[in-house]
Amino acid sequence: MKYITCRFTVGISYLLVYRGEDYKRAIAKVKELDAKVKKEKDMIVSIDKRKAHEKKVQRLEEELKFANQAMSGPKFKLNIFVSLSYMVAYYHLSNYVYRSAVIAQVPFVPVGLFKAFVRRGLATENVQHAGFGFLYTLTSMSLKVTITKALGFAPPRTEYSVWDEQKKKSEKYAEKYA
């Protein structure tokens, strides 16, 4: 069931986002900027031109960041629609089809809040029994990403990293206030 819904959502994503010219242009721009950033980072520059080169690399990384944001913008609206449709499908399935049904048995004893999530809607005494919600969530997280990558709709990997940007900001902050 989850495989079918994932295929359906990826199909809708293709029709509404991935085949659009705006998205294709955004991917091309991201790839182009990523290549420029890699080329500039690999370039060896003399000491007197180092400051200008670092500013150029920083400017290109900013452009790449904005291009990544532009590429993910159209997918945001679609993801909200998909999330709402999943919630409706989940509500229907959990309340009408799989009410009180043991779907799986987990190989561990769940703890705390996780236990409530794994056993939601079950009346059995066995703490290792898992309900529909737990299995649905696990498959939702894994299948959609896998299908998207398999069909080639995953965005390109780039040189830009949010973590690197935060690291640079924290280093500047540490230098300023140290």
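Not measured: the values here are computed from a predicted model.

Caption draft 1: Here's a closer look at the pattern of salt bridges. Per the stated rule, a full pass over the model turns up seven salt bridges. For Arg25, the salt bridge identified is with Asp22, shortest N-O distance 3.1 Å. Of this pair, Arg25 and Asp22 both sit in helix α2 (residues 21–42), separated by three residues, roughly a single helical turn. Residue Arg25 shares its accessibility class with Asp22, and that shared class is exposed. The residue Glu32 makes a salt bridge to Lys36 at a minimum N-O spacing of 3.4 Å. In this pair, Glu32 and Lys36 both sit in helix α2, four residues apart, roughly one turn of the helix.

Caption draft 2: Representation of α2. End to end, α2 covers 32 Å across 22 residues, agreeing with the expected 32 Å (1.5 Å per residue, within 8%). Residues of α2 that are buried: Tyr23, Ala26, Ile27, Val30, Leu33, Asp34, Val37 and Glu40. An end-on view of α2 places all buried positions within 160 degrees of arc, on one side of the element. With respect to the buried face of α2, the exposed residues turned more than 90 degrees away are Glu21, Arg25, Lys31, Lys39 and Asp42.

Caption draft 3: Focus on a nonpolar patch on the surface. A contiguous nonpolar patch, built from Tyr96, Val97, Tyr98, Ile103, Leu135, Leu138 and Met141 and spanning about 630 Å² of accessible area, is present on the exposed surface. At the level of secondary structure, the elements contributing two or more residues to the nonpolar patch comprise α3 (50–97) and α5 (132–150). With three residues, the top contributor of residues to the nonpolar patch is α5. Inspection of the secondary structure puts Ile103 in the loop between α3 and β1 (104–105).

Caption draft 4: Quick peek at α5. Its 19 residues give α5 an end-to-end C-alpha distance of 26 Å, which sits within 8% of 27 Å, the value for a rise of 1.5 Å per residue. Count one or two residues on from α5 and you reach Gly152, which has phi positive near 85 degrees.

So, how was this worked out
- Every chain's residues receive numbers from 1 upward, in the order its sequence appears when written.
- pLDDT decides what is reported in this predicted model: residues at 70 or higher carry local features, side-chain atom pairs at 80 or more are listed and counted, and totals for whole chains, interfaces and linings draw on all residues regardless.
- Note that water and hydrogens are dropped before the side-chain values are worked out from all heavy atoms of the structure.
- Whenever Lys or Arg places a side-chain nitrogen within 4 Å of a carboxyl oxygen from Asp or Glu, that contact is recorded as a salt bridge.
- Per the convention used, a helix needs a DSSP run of H or I reaching at least four residues, while a strand needs a run of E reaching at least two, with both numbered from the N terminus.
- Only protein chains enter the area calculation, which uses a 1.4 Å probe; residues under 20% of their type maximum are buried, those over 50% are exposed, and those in between are partly exposed.
- Expected helix span is computed as 1.5 Å times (number of residues minus one).
- Arc definition: it is the arc formed by the directions from the helix axis to the C-beta atoms.
- Exposure above 30% relative accessible area and the lack of any salt bridge qualify a residue for a patch; like charges then connect within 9 Å, and the nonpolar side chains Val, Leu, Ile, Met, Phe, Trp and Tyr within 5 Å.
- Working definition of accessibility: Shrake-Rupley area with a 1.4 Å probe, residue cover restricted to the visible protein chains.

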